[in-house]
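Structural characterization, general
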Amino acid sequence: MSPESPPRASTRAAALRGPGAQLRLRAEEAASPLPPLLVQAEQLAGAVLLGEHGRRRSGVGDDFWQYRPVQPGDSRRSIDHRRSARGDQQFVREREWQIAQTVQFWTDCGTSMRFASREDLPTKGARARLLALATAILMVRGGERVGLTGGLLPPRRGKIQILRMAETWTEEQDTPYAPPEHRALVPHARALFISDFLGPMEELETALTKSADRGVRGILLQVLDPIEEAFPFAGRTRFESVTGALAHETLKARALRDRYLDRLADRRDAMDHLCRQTGWQLGLHHTDQSAQAGLLWLHGALGRSAVQSS
Amino acid sequence: MSESFGIGFAAPWLLLALLALPVLWFLLRAIPPAPKRQLFPAVTLLLGLGDKETQVHRTPWWLLLLRLLALAAVIVGLAGPVLNPSSPQASTKPLLLVIDASWAGAAHWAEKRKQLQLLMKDAARANRPVALMSLTEPRPLQFQPADAQVRLLAGVLPRPWQPSHQMLTTAARHVTEANQAFDTLWLSDGLAFAGATETRADLIAALLTRGTIEVVEDQHGVVGLMPAVFEDGAILLQATRATPGAAREHPLHALGLDPGGQERVLATATLQFEAGAKTATVRLSLPTELRARVSRFSLADVRSAGAVALSDARLRRRDVALISSQAGNEGLALLSPLHYLREALAPSANLLEGRLADLLPAKPDVIVLADVAHLPADQEEALVDWVTDGGLLLRFAGPRLAASDTARDAEEPLMPVRLRIGGRSIGGAMSWGDPKALAPFAEGSPFFKLEIPEEVTVRSQVAAQPDPELANRVIAELADGTPLVTRKELGQGQVVLFHVTANAEWSSLPLSGLFIKMLERLAVSSATKAPDATDLAGTVWQPIEVLDGFGHLRDAGTQPGVAGPALIEAASGPDLWPGVYQSGKRRLARNVLPDGAELQPAVWPPDIPVRAFEASPERPLGGALLSAALVLMALDVAASLLVSGLWSRSKAAKGAAALAVAMIFFHSPPAPAQTAAELAAELRLGHVLTGDSSVDATAAAGLRGLSDVLRNRTSVEPAAPVGVNLDRDELALFSILYWPMTAQQPMPSAEAYGRLNTYLANGGMIFFDTRDADLSGTGRASPAARRLQQIALSLDIPPLETVPRDHVLTRTFYLLQDFPGRHLRGMVWVEAAASEPGATEGVPFRQLNDGVTPVVIGGNDWASAWAVDASGAPMYPVGRGYGGERQRELARRFGVNLVMHVLTGNYKSDQVHVPALLDRLGQ
C-alpha cells in the first residue's frame, strides 16, 4: 500500500471473505434468538417476582424461620444453645418449610404455531415459548425444579436449566400439528402444556388421561391468533395450513364464519370437559394480548394447583 | 374525411369495430375472479365444511363497462377523430397569399401567423402550390409546395410602414409578370393605404385577371398614436382609430431613461375613446426634468409601431441663460441687447437671467453673452470648463466688445476669432457704401439653404482678423465676404459669435424670421412645431434608433443618412425607417403616424368576399382518446385487483410508489449543477482540481475535515467543500482556495491565469501545498515544488518570507508556534511585511496592521492531516501514538487559524487584543 493510503479499519464485509466466516456467521445467527427470548422472559418474570411460593411456615428446610420456646416433646438436640445462652429460657431454632415442586413443560413447536396474521404480532409459537420460559424462570426462582416432558430434559433446578430449556426450544419441528408429549412424566408432578390445540383431539385425550393416571395435574394453555377467533374473511378463498399440506377452498368465506366459530367453541368445550375430568385447568391466550396477562394467569393457576395439591 | 356534429374521422371504417363490443361483453362476464389464498392454521376445523349456497361468480357490471369503454376509446381514437375539421379547398389552382404586413397588423401578429399556417396546411392537403407576397416588401411570385412555404413564414414580419404607392406598383408588376392562373387570399390588416388608393385598385384588378380573390380581414380595430405636442405647459397626445366603435380605454406609458440609465415607465395616462369617436386625446402634465427624459410614448396594450410616438427635442425646453453687460439698464426696452433674444426664445426655451456667477451652477444648456467684453478670470475659467463639457456659448458683439481690447492680439478661448480694433461701419452717415446684405449660406454651414430675406442688412459689425483658421470658422458672411457669424469647437461644446448686436442697433437681422431659424439651427432653441421640409433643406440626418413593426426601438446600425426634406415629406419605407434621426446636435423623431393622420378602414369592391379569421382551428382528438383509454385500463387493473381481493394496502402503496418513481424518472430535469447562487449562499472552502483523482479526493476529504473542525469549534460554519475547476468556475465565491501541488499538474490556461490574478488582487487567498516537506526539508527542491515555481511564475505573487514569529497567523484563533501538517517541519511562506517597524519594548508583536497575505505556501500536506472519512474518523495516520494525535490537532488548529485569518484579516493584529494575548502568553 502506498503511504498516501494507509490501512483502514477492517470492515465486517472484509471479514466475511475469510474461510471460517460462514460457519461463524451461521453460529451467530443460530445463537441470536436465544438471548432475546431469555431477556424477554426474565423481564416478564421480573414483573411477577412476588409469588406465593414462599411457604411462610416452619418446616423442613435450610433457611432460618423463627426461634420459639422449647415445648415439651422437643428433643434436647433441637435446642439452639447460642440463642438460649443469652437468657434463662431455652429456644428451639425453626427452619422455614421448603418443598421442591416439579413442573414439566411442553410447548408446541409444530408448524401450525409458526403463524402470525399481522406483522406487528408475534407468532403463536414465539408467544408460547416466551410464556413457558418466563414461567420456568419464576419457578426456578421459587426453588422448584423444571424440565421438559418426553425425557429430553429431566427436571432440575438452577439457572442452567433455563438456558437448556431455551436452547431446546430454539429448534423448530416440522410436524404440522404436534401431539402433546406425555412420556416420561414424573408422577405427582405438575405439567404445563402450551399449544393452539388445533390438532387431532384424540391425542390430547390420550395425553391427559395418561398423565392423570400418574397423578400429574397441570394446565392447558391454548394460544390463538386473533383472526383464528374472528374469521374476518369474505369471498372466494383458499385456506391453507402453514405447510400447505391441508387446504380448504370456499366460494363464500363469509358464510363459513358461523359454522367455523361453532366448531371452535365445540373444540373448547371438549377440552374443558376433558380438563374437568382429569383435574387440569384450561386457559386461553391470544397473541394480541400482552404476554404479561398470560404469565399472570399461568402463575396464579400454578399457585392454585400447588395449593390444591398440598 | 367524413364529418358530422363538427367531428370528422380520418378512418371512419375503423368505427365498425365498435360492433364487436357486445360480443366482448358476453366473453368477459363469464370469467370468475381468482381465489384469494389465505394462510390459516385453523384450517383443520374447516375441513368438511361445504358451501351451502352455490353462487355463480361474474365480473361486476361496472368493471365490464370500464373495460368496454377503454376498448371503445381505443377504437374511436384510432379512427382519427378531428374536431372542427376545416372544409376542404375545392379549387386546385395555385394559391397566392397576400399579406399587408404593415404595422397595423403587428398587434395581432401571432394570430395572423397561425391563420397563415392553417391556410397553408389546407393548401398542402389540397396539394396546391402556394406563393407568399407581403405588400410592404413585394418580391416576384414563387409558387412552391405549401410545406416549403410554411418554413419561410417565420421570416415574414410586419414592417413599420404601410404599403406605399411604389410598393403596390411593384406588387402589381410582379402579378402581371407571373404567367399563370391562381387564386388569391388576401390577409388584410383592415386599413386602406393612405395615398395609394388607385394603385391598390390596380393591384386588385391585376389579381382578378388571374383568378378569384378572397379577403380575410383582421377584425381587431387598428389604433395609432400621433406625435406628442407640447402645448400650454402640457404634453398633448392624440390617438386615432380606423373604425369608430364602442368606447375603449388604452393605457398610455411615457418611457424614458431614469437617472440610473435604465429605461422605465416615467408616467402613465389613459386614452379614452368615446363610443363612436375616431380620436382620443389626453393631456399629460409633467415636470420639466421628467419631460426632458421622456424618449417615447406608447400604448401599453397595443404591440405595434403605430402605437408608439417617439419624442424629440420638441418636448425638451432648453435652459438658456441671458447675460448682458448692461446691468440695471433703465433705458428703453427696445434698445436692450436682450430684448429680441427674449422674444425669439421665450416660446421655446426656459430663460434664465441674472449674473453669470449665479447662473453657471444651474448648468444651462446655452449661455448667451450679449456685448460682454470682459469676464472675471475665475468666471472665465468656469465658463471654459462649462463649454468644454458640451455647453453652447453664444456671443453677440456690440459697442463694448468693439471698444475693448478683447481678442486683439491673441485668440481667446471664449472667442472664435481675433477681432480688429474698432469694428466696421457700412452705409452710415460717415461711411461709404450701402448696408450690406447677407451672402447665401455656404454648404457645410449649419444655416445651409436657409432662405435669406432681402430686408436683412448689416450696418455695423466687428471685423475678424485675417487668420489661417478663419475660413473654417465662418458659418455666415456678408455679401462682400466679411464674416458675420463665426464658430469654433471647444472640447465637446462650441463658441459662436455673431459679429453684430443682439438688438436692431447694428443690423436688421434680429428683426427678421431668419434670426429665429438660425437660433433653431444652432440648437439654441427647439422648435415647438414640427419643422417643415424647407426648414430642413440642405441637412442630412443620420438614423440613430429605428422602430421595427412591433414598436421596439433598435439600433440603426449602418443605415444611410436621409436628406432633411425627405425626412419630413417622404413616405416611410425601407429607405426611411421611423425612428430617431440626428443631424449635428439636433435630433428629430420620425414617427409612423404624422400629425393629424387619419386611419381609413379598407374598402373592398362588392364582388370580393370578405371574411374574418377562423375562430376555432381544427383539433385532432385521437391522442386524447387514446390516453383516456390508457387511464381507463389502469383503472381496470386496480379495479380487478380490488374485485378479486388481491388488493392490499401494502401492494397499493408499492404500486403508487413505483408509479411516482416512474413519473419522477420521466419528468426529472437533468440534475442541476451547483449554481453560483447556491455556492454564494454559504461560505465554502474550495480546492483546486489538480486532475490527479487521489490528490483531489484527499483535498476534498481534508477540507471536509477542516470544515467539521471549524463548525464544531468556531462560529465559522462552512458548507460542504467544493472542487474548483480554474477554467470554468467562478473563483470570487471562495475566500480561500487550497491548491495541492503535483508534479504532473497541467499549467493553467491564460484565461485561468487572468482569473487567478483577479482573484488574488481582490482579496482571495490561495494556499499552496507542495506536500513534500518530508523530502524538501533537506533543501532539495522536489518535483512538486519545481512545478509550483513554474505555475506561480505568471501569478501576481508578492515577495515572500517564512512566517515570522509574530505573524498574525500565529494568533488569529489559537496561539501557535509552528504549523505541522502530516509532515512536521516544512517551512511556511507568507507575504513579506511591507516595512520593518521596530517592535515596541515589552510587546511581542510588531505593529503590522495591513494586508491579508494573498498566498500561503508550504509543504506539510495539511489536507492529509485534516482528512476524515464519511464517518468522521481520520483517514491517514499522522506521526506516532499520542504525539501524532497532538500533531494532527496542531494541524487542525493551523487550518482554523488560516481560515480565521482569511475571514477576519488582521483583526488580531490590532493592539486592542495585546493585553489579552499577553495574559494568555503568561507575560
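Computed from a predicted model, the values in this text were never measured in an experiment.

Conventions and cut-offs
- Residues numbered from 1 in each chain as written.
- Chains lettered and ligands numbered in written order.
- Predicted model: local features only at pLDDT ≥ 70, side-chain atom pairs only at ≥ 80, totals over all residues.
- Helix = DSSP H or I, 4+ residues; strand = E, 2+ residues; numbered from the N terminus.
- Buried ≥ 20, exposed ≤ 12 C-beta atoms within 10 Å, placed from the backbone.
- Contact = placed C-beta atoms within 7 Å.
- Nonpolar A, V, L, I, M, F, W, Y, C, P; charged D, E, K, R; others polar.
- Pairing = 2+ DSSP bridges.
- Axes fitted to C-alpha atoms, helices over the stretch in contact; angles between N-to-C directions.
- Core = buried A, V, L, I, M, F, W, Y, C linked by C-beta atoms within 7 Å.
- Arc of directions from axis to C-beta.
- pLDDT = per-residue confidence, 0-100.
- Parallel < 35°, antiparallel > 145°, perpendicular 65-115°, else oblique.
- Left-handed = near helix turned anticlockwise from the far one by under 90°.

On a plain count of helices and strands, chain A comes out with 10 helices and nine strands. Here chain A, with 310 residues, has 34% of them falling under the buried criterion. Taking contacts inside chain A between residues at least 6 apart in sequence as the whole, the part at least 24 apart equals 73%.

On the chain B side, the residues contacting the 31 residues of chain A number 26 residues. Of all the secondary-structure elements, those providing two or more residues to the side of chain A that touches chain B are β7 (237–240), β8 (247–250) and α9 (253–278) of chain A. Of the residues contributing to the side of chain A that touches chain B, the split by class is 14 nonpolar, six polar and 11 charged.

So, about the sheet that holds strand β28 (residues 493–498) of chain B. Residues and elements named next belong to chain B. Taking strand neighbours across the sheet as the criterion, the seven strands line up as β19-β18-β20-β21-β28-β27-β26 in an open arrangement whose pairing is mixed. Either end of the sheet is taken by a strand with one partner, and the two such strands are β19 (349–353) and β26 (474–477). Neighbour to neighbour, the strand axes of the sheet diverge by 20° on average, direction disregarded. Inspection of the sheet shows strand β18 (residues 318–324) paired to β19 by five bridges, in the parallel sense.

By size, the foremost hydrophobic cluster in this structure holds 79 residues, and its most contacted members are L97 and L225 of chain B. Those residues in contact with L97 of chain B that sit more than four places away from it in its chain are L116, L119, V130, L132, L185 and L187 of chain B. F105, A132, M139 and L221 of chain A belong to the second-largest nonpolar core, a separate cluster that totals 63 residues.

Residues and elements named next belong to chain A. In this structure, H188 is a non-glycine residue whose phi angle is positive, near 65°. With respect to the secondary-structure elements, H188 resides in the loop between α6 (159–169) and β5 (190–195). Of note, the phi angle at F197 is positive, near 50°, even though the residue is not glycine. Taking the C-beta count within 10 Å as the criterion, F197 has 25 such neighbours and is therefore assigned buried.

Before going further, it helps to spend a moment on α6 of chain A. All names here are of chain A. Within the span of α6, buried status applies to Q161, I162, M165, A166 and W169. Looking straight down α6, one finds that the buried residues subtend no more than 140° of arc, so they occupy a single side. Turned more than 90 degrees away from the buried face of α6 sit I160 and L163, all of them exposed.

Looking now at the confidence of the model for chain A. Residues and elements named next belong to chain A. Scored by pLDDT, chain A comes out at a mean of 78, with 76% of its residues at no less than 70. Considering each helix and strand of chain A separately, the mean pLDDT is smallest for helix α1 (residues 12–15), with a value of 45, and largest for strand β9 (residues 281–286), with 92. Note on residues 1–20: pLDDT under 50 across the span, and nine contacts to partners over four residues away in sequence or across chains. Contacts from residues 49–54, a stretch scored under 50 in pLDDT, to residues over four places away or in other chains number seven contacts.

Residues and elements named next belong to chain A. With respect to the element layout, L274 can be found in helix α9. When the C-alpha positions of L274 and L208 are compared, they lie 7.8 Å apart, and in sequence the two are 66 residues distant. In contact with L274, other than residues within four places in its own chain, are E205 and L208.

Residue and element names in this part refer to chain B. Where helix α6 (residues 165–177) contacts helix α7 (residues 197–210), the axes come no closer than 9 Å and their chain directions differ by 15°. Between α6 and α7, the crossing angle belongs to the class labelled roughly parallel. As for how α6 packs across α7, the hand of that crossing is left-handed. Residues H165, L168, T169, A171, A172, V175 and T176 of α6 form the contact with α7, whose own contacting residues are T199, R200, D202, L203, A206, L207 and R210. The residue inventory of the contact of α6 with α7, partitioned by class, reads seven nonpolar, four polar and three charged.

Before going further, it helps to examine the confidence of the model for chain B. Residues and elements named next belong to chain B. In the predicted model, chain B carries a mean pLDDT of 81, and the fraction of residues at 70 or more is 87%. Across residues 667–672 the pLDDT falls below 50, and counting only partners more than four positions away or on other chains, this stretch makes zero contacts in the model. Model confidence for the complex: the whole-complex pTM is 0.43, and ipTM, which rates the interface, is 0.73.

Another point: the pairing of strand β8 (residues 183–188) of chain B. Residue and element names in this part refer to chain B. Burial within β8 is extensive, with five of its six residues counted as buried. Note: strand β5 (residues 95–99) against β8, five bridges, orientation parallel. Paired with I99 across the strands is L187, a residue of β8. Pairing between β8 and strand β9 (residues 213–217): five bridges, direction parallel. From the neighbouring strand, L185 faces β9, where its bridge partner is E214.

Attention now moves to the packing of helix α19 (residues 693–713) of chain B against helix α24 (residues 881–904) of chain B. All names here are of chain B. Following both chains from N to C, one finds α19 and α24 inclined at 75°, their axes separated by 10 Å at the closest point. For the element pair α19 / α24, the angle class is roughly perpendicular. On α24, the residues touching L706, V709, L710 and R713 of α19 are R892, G895, V896 and V899. In the contact of α19 with α24, the residues fall into five nonpolar, one polar and two charged.

All names here are of chain B. What the four strands build is an open sheet, ordered β14-β13-β16-β17; its pairing is antiparallel. Each edge of the open sheet is held by one strand with a lone partner, namely β14 (263–273) and β17 (308–310). When strand polarity is set aside, the average angle formed by the axes of neighbouring strands in this sheet is 20°. In this structure, strand β16 (residues 294–299) lies alongside β17, joined through three bridges in antiparallel fashion.

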